[in-house]
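Residue-level structural notes
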Amino acid sequence: LGSRLIPSLPQYLPQVLKHLHGVVGRYAEASADGLTLMVAALSAMLAIVENMSAFLAPTLAPLFSCLLNPAIRLAPKGDGDVAALREQASSLTDDVLAAVAKCIPPRQLLPAQFAFYQKEASRQGAAVIVPFVAFVGRTASSLQRNQLLQFYKPLFKFFLAAFDIARNPLLPLSEVEVIEQATLDAFMRFVVKLNENLFKPLFLSFLEWATADVAPLSEPADEAQLQSATETRLRVFYRALNSLFDKLKSILTPYYAHVLDTTVEVLNRFGVARASIELQEEADRKVIPAPSALWHAVVESIYQSALHDTTDFWKEDTFKRVFRPLANQLPNTKAVGVSAEQAHALYTERVRKCLAPAAGQLAAAAGNDALWKMINQEVMLKSRSDVPAVRVASLIVLQAFYEKLGEEFLILLPETIPYLAELLEDDNGLVERATQETVKVIESHLGESLQSYLR
């Protein structure tokens, strides 16, 4: 019927929404007949959105309520015909949301989305917030250049509000993680649309938001809660930064200059200046936190910035600011709420998967044997720790240097030999085995045995 249906739309559309509301309201108990009616209503709504999107502005809020009802995603699937109909209804729901994001004019859709988030979605759990932020991400990715200029600021404000949900202590951690990841994914769809003139001020505003002193979303707040609220924003920022590196690569590396102060500050908070945490004064030992998700994100950002450095960002001045705080992460063996055996396993894993790759890539980006000497010396000093796990960890980092730099790093072998000779005589079997493995790695690049030098 096409445009001939427009005069009937004011009567037809409320009926479609009425049927949708009726079935969604009792979705978990809906029969096959009810689900068949829902599928028909969703199919009709999809056709209306795709062909008459300009006339839907007054119905967007009730439409969002239907399409984002958590029952659609949380209800048991059932079996037989009911299971097939639920699957079809869920798929059609996503299709309608995608069509709305693509077809409704942004001047109508985005204000409706922002209003719905404030009034309803933000007060719900992950079952509503996750599909909603994905919905907004789809909308952002559909914007044309002139539309982006009009709406990029309110979109950025929306994403910051969504990121702040992680500060809500009433939400379970599992939901916070899911919401945060969904918001990051949607945020990436928005950011990659921006040119540098739009991106740079938003990046600086994002950093300012992340480093501002904030309180939890519930009161009253003690000092630990205040620290947690601040750390939450920083974690979100650094996770977003790492995702941006994945997307923008070397384009983003110069922006790390704005982040460097914060990176060093966070590393110093987690770092241990003495050989091991056991040698710290009691007061210091209490305030040094166990490495957290923030720690992982910050160390990963160093790896990413070094990996994508094509502009000599990690030259002498920037390298000197980071290499010692990074090496000082080695003695921090702390873990919370786990046994000593589990803490040891977690420590070794984070050194192997996070800290060692970051240190190796940083050395590779520096490309300067004078700077290599500095970080090698800091790492090898940690091999004299009284904690066997830290001694092993220093060897893992040393191996990372050789894996990244190969024969070039042999220039530092003479000053490394005394440390290796000590470690080969270590009383701890794990340390001795790790040293033998390290010697083999070095020999593979040297092309000859080290035994004569180690006696």
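Structure: above.
The structure contained in this document is the topic of the report that follows. (Residues numbered from 1 in each chain as written. Predicted model: local features only at pLDDT ≥ 70, side-chain atom pairs only at ≥ 80, totals over all residues. Heavy atoms only, no water.)

Looking at the overall build of the protein chain
Going by this rule: Each helix is a run of H or I in the DSSP string that is no shorter than four residues. Each strand is a run of E no shorter than two, and both are numbered from the N terminus. Type-normalised accessible area, obtained with a 1.4 Å probe on protein chains alone, sets the label of each residue: buried when under 20%, exposed when over 50%, and partly exposed for intermediate values. His is not counted, nor are the chain ends, whereas Lys and Arg count as positive and Asp and Glu as negative. Note that the charge is assigned to NZ on lysines, CZ on arginines, CG on aspartates and CD on glutamates.
For the protein chain, the count of helices and strands is 21 helices and zero strands. Based on the C-alpha atoms only, the size of the protein chain along its principal axes is roughly 95 × 50 × 45 Å. The buried share among the 455 residues of the protein chain stands at 50%. In the protein chain, 43 side chains carry a positive charge and 50 a negative one; their mean positions are 8 Å apart.

Here's the deal with the pattern of salt bridges
In plain terms, the rule: Criterion for a salt bridge: a side-chain nitrogen of Lys or Arg within 4 Å of a carboxyl oxygen of Asp or Glu.
Evaluated as defined, the whole model comprises 13 salt bridges. Among the salt bridges present, the one from Glu415 reaches Lys373, with a minimum N-O distance of 3.9 Å. In this pair, Glu415 sits in helix H19 (residues 413–424) while Lys373 sits in helix H17 (residues 369–381), placing the two residues 42 residues apart along the sequence. For Glu415, a relative accessible area of 24% puts it in the partly exposed group.

Section: empty space enclosed by the protein
Filter applied, for reference: Cavities and pockets are defined on a 1 Å grid built over the protein atoms alone: a cavity is a set of grid points where a 1.4 Å probe fits but cannot escape, while a pocket is an open set with protein on both sides within 12 Å along at least five of seven lines, and lining residues are those with an atom within 4 Å of any such point. Grid points are joined across faces, edges and corners, and a volume is the space filled by probe spheres set on the points. Each residue gets one label: Ala, Val, Leu, Ile, Met, Phe, Trp, Tyr, Cys and Pro are nonpolar, Asp, Glu, Lys and Arg are charged, and the others, such as Gly, are polar.
On inspection of all chains with the given rule, the structure shows three cavities of 30 Å³ or more. Forming the walls of the largest cavity are Phe156, Phe187, Val191, Leu194, Phe199, Leu202, Phe203, Phe206, Phe237, Leu241 and Leu244. Elements with a minimum of two residues in the lining of the largest cavity: helix H9 (173–191), helix H10 (196–211) and helix H11 (223–248). Per-element accounting of the lining of the largest cavity gives the leading share, four residues, to H10. Among the residues forming the lining of the largest cavity, the class breakdown is eleven nonpolar, no polar and no charged.

Details of unusual backbone geometry
It is generally the case that most residues other than glycine have a negative phi and that most peptide bonds are trans. Even without a glycine there, the phi angle at Lys249 is positive, about 55°. One non-glycine residue with positive phi stands out, namely Asp312, at about 55°. With respect to the element layout, Asp312 can be found in the loop between helix H14 (293–307) and helix H15 (316–327).

Digging into the nonpolar core
Heads up, the rule is: The nonpolar core is taken to be a set of buried Ala, Val, Leu, Ile, Met, Phe, Trp, Tyr and Cys residues, with the residues joined through side-chain atoms within 4.5 Å. In this analysis, two residues are considered to be in contact whenever any of their non-hydrogen atoms come within 4.5 Å of each other.
Ranked by internal contacts, the top residues of the largest apolar core, which has 159 residues, are Leu155, Phe187, Phe190, Phe206, Tyr238 and Tyr256. Take this core: its biggest share by element is twelve residues, from helix H18 (residues 388–405). Not counting chain neighbours up to four residues away, the residues in contact with Phe206 comprise Phe156, Leu160, Phe163, Phe187, Val236, Phe237 and Ala240.

Section: helix H2 (residues 32–51)
This is how the line gets drawn: Every helix has an expected span of 1.5 Å times one less than the residues it contains.
When the terminal C-alpha atoms of H2 are compared, their 29 Å separation across 20 residues agrees well with the 28 Å that a helix rising 1.5 Å per residue should span. Among the residues of H2, those classed as buried are Gly34, Leu35, Met38, Val39, Ala41, Leu42, Ala44, Met45, Leu46, Ile48 and Val49.

Interpretation in functional terms is not warranted from these geometric data alone.
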